[in-house]
Amino acid sequence: MVTNDIRYIGVNDHQLDLFEGQYIVPEGMAYNSYVILDEKIAVMDTIEVHFTDEWLGKLAKELNGRRPDYLIVQHMEPDHSASIKAFLEAYPDTTVVATAKAFTMMGNFYRGLDLGEKKIVAANGATLELGSHTLTFLHAPMVHWPEVMMTYDSKDKVLFSADAFGKFGALDAEPEIEDDDPYGWACEARRYYFGIVGKYGMQVQAVLKKTAALDIGIICPLHGPVLKEDLPYYFNLYDTWSAYRAETKGVVIAYTSVYGNTKKAVEYLADKLREKGCDVVEATDLARDDIAEAVEDAFRHDRLVLATTTYNNDIFPFMNHFIEDLVERGFKDRSVGLIENGSWAPNAAKNMKAKMEGLKGISWLDTTVTILSSLSDENYAQLDQMAEELMK
Ligand code: FEO
């Protein structure tokens, strides 16, 4: 139960291998859905296709013999919209409420769906009366798709935030509480944010301005837990992330290493940084570790070192992928250093820099380390110098 009138009817998915076809979810995934029980009844979004029956069962239990009046579709991505048809077969008298763009997508995703007159196009700022609850719709384009809207319930002071404030992980998984993650939320919410919504910081900032004007006591996202306590904590993190500000002072060293020599340079640099008092040094092997985690780390910290091999006269593939992820998401305002390795024509540093050329506010370290196959005395001295620069 979220409040007396708002009931949770979401599900946990522990079968999923990759969320959205690319993100590992070792703790599973939650698809959230809610029902608001008033004189009129509104269901907030549907559910992923494999959980239709479970979800309809939960809904029927909460309805206790009543029938829903409205289905509010905040987001058309299939993890939330795939059960619209089944829902309307069960409750054909329901009116669907969504943005104009969502209705277009609904027709494209679910061919043959005929809503007839049973639809309300929700304009930005439009309201819907349920009885004692008044819902206000806030368009939130590109958080995470163009048709998205959020919904505010002024009676219970609830913001239904669509994908925003969501995280990876099922709700029955034990949250991992850390000193820097006191609610066991930030780590997987940050990976979710930068992976999925990270490109649209400007649009998230626009939505945060709209929500700042509301009196919000509870956030009901489409993934992850319902947030009821310490809401400024979550809003501040979303503000930091969407403004592309570094959250923590720390150095991320993202690397690939074919024969272990580039890795040796990374380990030497990491040790030097720790010796110099850098508390947070994250070294991540892009070929073996989760790249989405590396992307999250790069945005989280204020300094980044890229270390890779020259490969086919360009950059080693995993580094290429990583840099593309950063560029796509508008990585900016960070210090970046480069380490390259090559056995006959090293040019990875030049190519990495060229790929990141259009990024704003990148301050390149003066020291670039070029390794010819294995570390030379000169390389060690350059790594010392790079550590100095990173600690300035
Ligand atoms: Fe959870 Fe963008 O769908």
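Residues numbered from 1 in each chain as written. Predicted model: local features only at pLDDT ≥ 70, side-chain atom pairs only at ≥ 80, totals over all residues. Heavy atoms only, no water.

Engineer: Explain the overall build of the chain to me, please; I cannot follow it from the model alone.
Structural biologist: Helices and strands together make up the secondary structure of the chain, namely 12 helices and 21 strands. Projected onto its principal axes, the C-alpha positions of the chain cover 80 × 40 × 35 Å. The buried share of the chain, reckoned over its 392 residues, is 56%. For the chain, contacts bridging at least 24 residues in sequence account for 71% of all contacts bridging at least 6. (Helix = DSSP H or I, 4+ residues; strand = E, 2+ residues; numbered from the N terminus. Buried < 20%, exposed > 50% of the residue type's maximum accessible area, 1.4 Å probe, protein only. Contact = heavy atoms within 4.5 Å.)

Engineer: Looking at this model, I keep getting lost on helix α4 (residues 100-109). Mind explaining?
Structural biologist: Residues three or four positions apart in an α-helix share a direction because the helix packs 3.6 residues into each turn. Looking at α4, one finds that the buried residues are Ala102, Phe103, Met105 and Met106. Looking straight down α4, one finds its buried side chains confined to an arc of 165°; they lie on one side. Against the buried residues of α4 lie α3 (84-90), β9 (95-98) and β10 (119-121). (Arc of directions from axis to C-beta.)

Engineer: In this structure, what is going on with a negative patch on the surface? I would like to understand it.
Structural biologist: Together, Glu27, Glu176, Glu178 and Asp179 line one region of the surface with negative charge. For Asp179, a relative accessible area of 84% translates into the label exposed. (Patch = residues over 30% accessible without salt bridge, like charges linked within 9 Å, V, L, I, M, F, W, Y side chains within 5 Å. Areas by Shrake-Rupley, 256 points an atom, 1.4 Å probe, with all protein chains shown as cover. Salt bridge = Lys/Arg side-chain N within 4 Å of Asp/Glu carboxyl O. Lys, Arg positive; Asp, Glu negative; His and termini not counted. Charge placed at Lys NZ, Arg CZ, Asp CG, Glu CD.)

Engineer: Which parts of the structure should I look at to understand the sheet that holds strand β13 (residues 149-153)?
Structural biologist: Whenever strands of a sheet pair, they do so through backbone hydrogen bonds, lying parallel or antiparallel. Taken together, the five strands give an open sheet; going across it, the order is β11-β12-β13-β14-β15, and neighbouring strands pair in mixed fashion. Edge positions in the open sheet fall to β11 (127-129) and β15 (218-220), since each of these has one partner strand only. Adjacent strand axes in the sheet meet at a mean angle of 20° when their direction is disregarded. (Pairing = 2+ DSSP bridges. Axes fitted to C-alpha atoms, helices over the stretch in contact; angles between N-to-C directions.)

Engineer: Mind showing me how you'd approach the nonpolar core here?
Structural biologist: Side chains of nonpolar character tend, in soluble globular proteins, to be buried together. With 92 residues, the main nonpolar core has Met106, Phe165, Trp185, Leu306, Phe322 and Phe331 as its most contacted residues. For this core, the two domains that each supply at least three residues are domain 1 (6-242) and domain 2 (248-391). In this structure, Phe165 is in contact with Trp185, Leu208, Ile219, Pro221, His223, Leu227, Tyr234, Phe235 and Tyr238, ignoring residues within four places of it in sequence. Formed by 21 residues, the second largest nonpolar core is a distinct cluster that contains Ala265, Ala270, Leu273 and Val281. (Core = buried A, V, L, I, M, F, W, Y, C linked by side-chain atoms within 4.5 Å. Domains from an automatic or database assignment.)

Engineer: Explanation requested: the packing of aromatic side chains in the structure shown.
Structural biologist: The geometry of two aromatic rings is summed up by the distance between their centres and the angle between their planes. Applying the stated rule across the entire model yields 29 aromatic pairs. Taken together, a centroid distance of 5.9 Å and an interplanar angle of 40° make the contact between Trp55 and Phe87 tilted. Pair noted here: Trp55 is in helix α1 (residues 52-63) and Phe87 is in helix α3, with a separation of 32 residues, a long-range link. Like Trp55, the residue Phe87 is buried in the burial classification. Positioned above the aromatic ring of Phe103, the side-chain terminus of Lys119 is 4.7 Å from the ring centre. (Phe/Tyr/Trp six-rings, centres within 6.5 Å; stacked < 30°, edge-to-face > 60°. Lys NZ or Arg CZ within 6 Å of the ring centre and 35° of its normal.)

Engineer: It is not clear to me how empty space enclosed by the protein should be interpreted in this structure. Could you clarify?
Structural biologist: Space left empty within the atom packing is revealed by a probe, the size of a water molecule, rolled over the atoms. Under the counting rule described, the total for this entry stands at one cavity of 30 Å³ or more. Counted as a void, the largest cavity has a volume near 50 Å³. Lining the largest cavity we find Val143, Met150, Leu159, Ala164, Phe165, Val204, Val207, Leu208, Thr211, Phe235 and Tyr238. Going through the elements one at a time, α6 (201-212) and α7 (231-242) are the ones with two or more residues in the lining of the largest cavity. (1 Å grid on protein atoms, 1.4 Å probe; cavity = no way out; pocket = protein on both sides within 12 Å on 5 of 7 lines; lining within 4 Å. Points joined across faces, edges and corners; volume = space filled by probe spheres on them.)

Engineer: Explain the state of the cysteines here, please?
Structural biologist: Counted by the stated rule, this structure contains zero disulfides. Cys187 forms no disulfide, and the closest cysteine sulfur to it belongs to Cys278, at a distance of 18 Å. (Disulfide = S-S within 2.5 Å.)

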